[in-house]
There are 2 protein chains.
Amino acid sequence: LREARIGHLATADGQGAPHIIPVCFVLDGQNLYSVLDQKPKRASLTRLRRVRNILANPQAALMVDHYEEAWDRLWYILVICRAELLQDGEDRAGAINLLRQKYDQYREMEIETNPVIKLTPHSVVTWGLDPETT
Amino acid sequence: LREARIGHLATADGQGAPHIIPVCFVLDGQNLYSVLDQKPKRASLTRLRRVRNILANPQAALMVDHYEEAWDRLWYILVICRAELLQDGEDRAGAINLLRQKYDQYREMEIETNPVIKLTPHSVVTWGLDPETT
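A quick note: this is a predicted structure, and the numbers were derived from the prediction, not measured.

Cut-offs applied
- Residues numbered from 1 in each chain as written.
- Chains lettered and ligands numbered in written order.
- Predicted model: local features only at pLDDT ≥ 70, side-chain atom pairs only at ≥ 80, totals over all residues.
- Heavy atoms only, no water.
- Least-squares fit on C-alpha atoms with pLDDT ≥ 70 in both.
- Contact = heavy atoms within 4.5 Å.
- Pairing = 2+ DSSP bridges.
- Helix = DSSP H or I, 4+ residues; strand = E, 2+ residues; numbered from the N terminus.
- Axes fitted to C-alpha atoms, helices over the stretch in contact; angles between N-to-C directions.
- Polar contact = N/O pair within 3.5 Å; in protein donor to acceptor, adjacent residues only side chain to side chain.
- Core = buried A, V, L, I, M, F, W, Y, C linked by side-chain atoms within 4.5 Å.
- Buried < 20%, exposed > 50% of the residue type's maximum accessible area, 1.4 Å probe, protein only.
- Buried area = accessible area lost by both parts, 1.4 Å probe.
- Salt bridge = Lys/Arg side-chain N within 4 Å of Asp/Glu carboxyl O.
- Arc of directions from axis to C-beta.
- Disulfide = S-S within 2.5 Å.

Asks: Explain the relation of the copies chain B and chain A to me, using residue names and the numbers behind them.
Replies: Overlaying chain B with chain A gives an RMSD of 0.0 Å, the required rotation being 180 degrees about an axis along which the chain moves by 0.0 Å. Overall, the copies show the geometry of a two-fold rotation axis. By C-alpha distance to the rotation axis, the residue of chain B lying nearest is G16 of chain B, at 2.0 Å. Comparing interface residues between copies, 100% of those in chain B also lie at the interface in chain A; the contact surface is shared.

See the structure below:
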């Protein structure tokens, strides 16, 4: 979970319609953080589907998994969590710093003031993981 | 979408709690199909979270995407769809055949009688795809 470069975040709107998006994220102790980086204008970031969903319904799920053609080597980690939008504060700034440590790509992007999605896990399901590699 | 080996399926339960799972799937004209293959006993297949969600709430989303470290090459295809469980019938058997054509791995698995999830798309969002490659 700490080393994975990409995960998939599922959210749902107030009517239970699911949405899914690939996300870069960082794990900080108990929580996971993902920054909104895909739109140039800050105002539009909070109109993203995942943000509107989180504001209407904080239930979320993050999937980190591995695919290869040898199906006996598949694995996944599913994190059921509560999602929250951080628009300011130390928590948000700290998450940006951690994301820049993990992803070189973020160091050159102007994301200092971008909102961050905080995911607080409340349960984890793992499947197919070799105990030796966890 | 046709060639992708793996996608991620998001569903949600009756209370809007999202779930996500990596899935192998096949595209047949308009619809997508995924077989329940991960449990040995047929009875337990319908207790899978994705199945219980679909029965309670048919709204679903399938994500097919590409990640690499060169972020200008990222892309995704998001298919918003209606999910349905096929327990028998020609549609189900045809889907199994198509899945076995696409995935060698399924040819050796005893999935002839397994339930299939049918996804009927009603909208598609694409992002980052080079028009030349679509």
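Asks: Quick rundown of the sheet that holds strand β4 (residues 31-35) of chain A? Include the residues and the values.
Replies: To summarise the sheet geometry, strands pair through backbone hydrogen bonds and adopt either a parallel or an antiparallel arrangement. Residues and elements named next belong to chain A. Overall, antiparallel pairing links the seven strands, which are arranged β2-β1-β5-β6-β7-β4-β3 in an open sheet. Where the open sheet ends on each side, the last strands, each with one partner, are β2 (18-23) and β3 (26-28). For this sheet, the mean angle separating the axes of adjacent strands, direction not counted, is 35 degrees. Two elements, strand β5 (residues 59-66) and strand β6 (residues 75-86), share eight bridges in a ladder whose sense is antiparallel. Each bridged residue has a counterpart across the sheet, and for D65 the counterpart in β6 is Y76. Running at roughly 80 degrees to β4, helix α3 (residues 90-102) makes contact with β3, β4, β6 and β7 (116-127) of the sheet.

Asks: Go over the side chain of T11 of chain A, please, and point to the residues and values.
Replies: Locating T11 of chain A in the fold gives a position in strand β1 (residues 7-12). Within the local environment of T11 of chain A, its side chain forms a polar contact with the side chain of N53 of chain A, the two groups lying 3.0 Å apart. When residues no more than four places from it in sequence are discounted, the contact partners of T11 of chain A are A17, P18, H19, R50, N53, I54, Q59 and A60 of chain A together with P18 of chain B.

Asks: Residues and numbers for the nonpolar core, please.
Replies: Among the nonpolar cores identified, the biggest contains 58 residues, and L62 and L119 of chain A together with L62 and L119 of chain B are the most heavily contacted of them. Not counting residues within four places of it along the chain, the set of residues in contact with L119 of chain A comprises L9, N31, L32, A60, L62, C81, R82 and A83 of chain A. If you look at the next biggest cluster of nonpolar residues, it comprises 15 residues, including Y33, A95, I96 and V116 of chain B.

Asks: Lay out the environment of A93 of chain B with the relevant residues and their values.
Replies: All names here are of chain B. Structurally, A93 is set in helix α3 (residues 90-102). Residue class for A93 comes out partly exposed when judged on its relative accessible area of 33%. Between the alpha carbons of A93 and E112 there is a distance of 7.3 Å; along the sequence they are 19 residues apart.

Asks: Pulling in residues and values, what's your account of the interface of chain B and chain A?
Replies: Every contact between the two is made by 35 residues of chain B and, on the other side, 35 residues of chain A. Between chain B and chain A, the buried area comes to about 2,700 Å², and carbon and sulfur atoms account for 70% of it. Contact with chain A buries surface across chain B, with P18, I20 and W71 of chain B losing the most and accounting together for 25% of the total. Joining chain B to chain A, the criterion identifies two salt bridges. Note that R5 of chain B and E69 of chain A form a salt bridge whose closest N and O atoms lie 2.7 Å from each other. In this assembly, chain B and chain A are joined by twelve residue pairs in polar contact (both at pLDDT 80 or more).

Asks: Go over helix α2 (residues 49-56) of chain B, please, and point to the residues and values.
Replies: Residues and elements named next belong to chain B. Along α2, the residues classified as buried are R50, V51, N53 and I54. Mapping the buried residues of α2 onto a view down its axis gives an arc of 160 degrees, with all of them on the same face. Facing away from the buried surface of α2 by more than 90 degrees, the exposed residues are L55 and A56.

Asks: Account for the environment of P22 of chain B, with residues named and values stated.
Replies: Structurally, the position occupied by P22 of chain B is in strand β2 (residues 18-23). Owing to a relative accessible area of 12%, P22 of chain B belongs among the buried residues under this scheme. Between the alpha carbons of P22 of chain B and L62 of chain B there is a distance of 9.5 Å; along the sequence they are 40 residues apart. In this structure, P22 of chain B is in contact with M63, D65 and Y76 of chain A together with I6, G7 and H8 of chain B, ignoring residues within four places of it in sequence.

Asks: Explain the pairing of β6 of chain A to me, and be specific about the residues and the numbers.
Replies: Residues in a regular strand project their side chains so that they alternate between the two faces of the sheet. Residues and elements named next belong to chain A. With nine of twelve residues buried, β6 is to be regarded as a mostly interior element. Across eleven bridges, the pairing between β6 and β7 is antiparallel. Looking at β7, one finds that I77 is bridged to T126.

Asks: Can you tell me about the state of the cysteines, naming the residues and giving the values?
Replies: Across all of its chains, the model carries zero disulfides over all chains by this definition. For the unlinked cysteine C24 of chain A, the closest cysteine sulfur is that of C81 of chain A, found at 16 Å.

Asks: So what's going on with the sheet that holds strand β5 (residues 59-66) of chain B? Residues and values would help.
Replies: All names here are of chain B. Spatially, seven strands are ordered β2-β1-β5-β6-β7-β4-β3 in an open sheet, and the strand pairing comes out antiparallel. Because the sheet does not close on itself, it has two edges, and the strands there are β2 and β3 (26-28). Strand-to-strand, the axes of this sheet are offset by a mean angle of 30 degrees, without reference to chain direction. Docked against the sheet, α3 engages β3, β4 (31-35), β6 (75-86) and β7 (116-127), running at close to 80 degrees with respect to β4.

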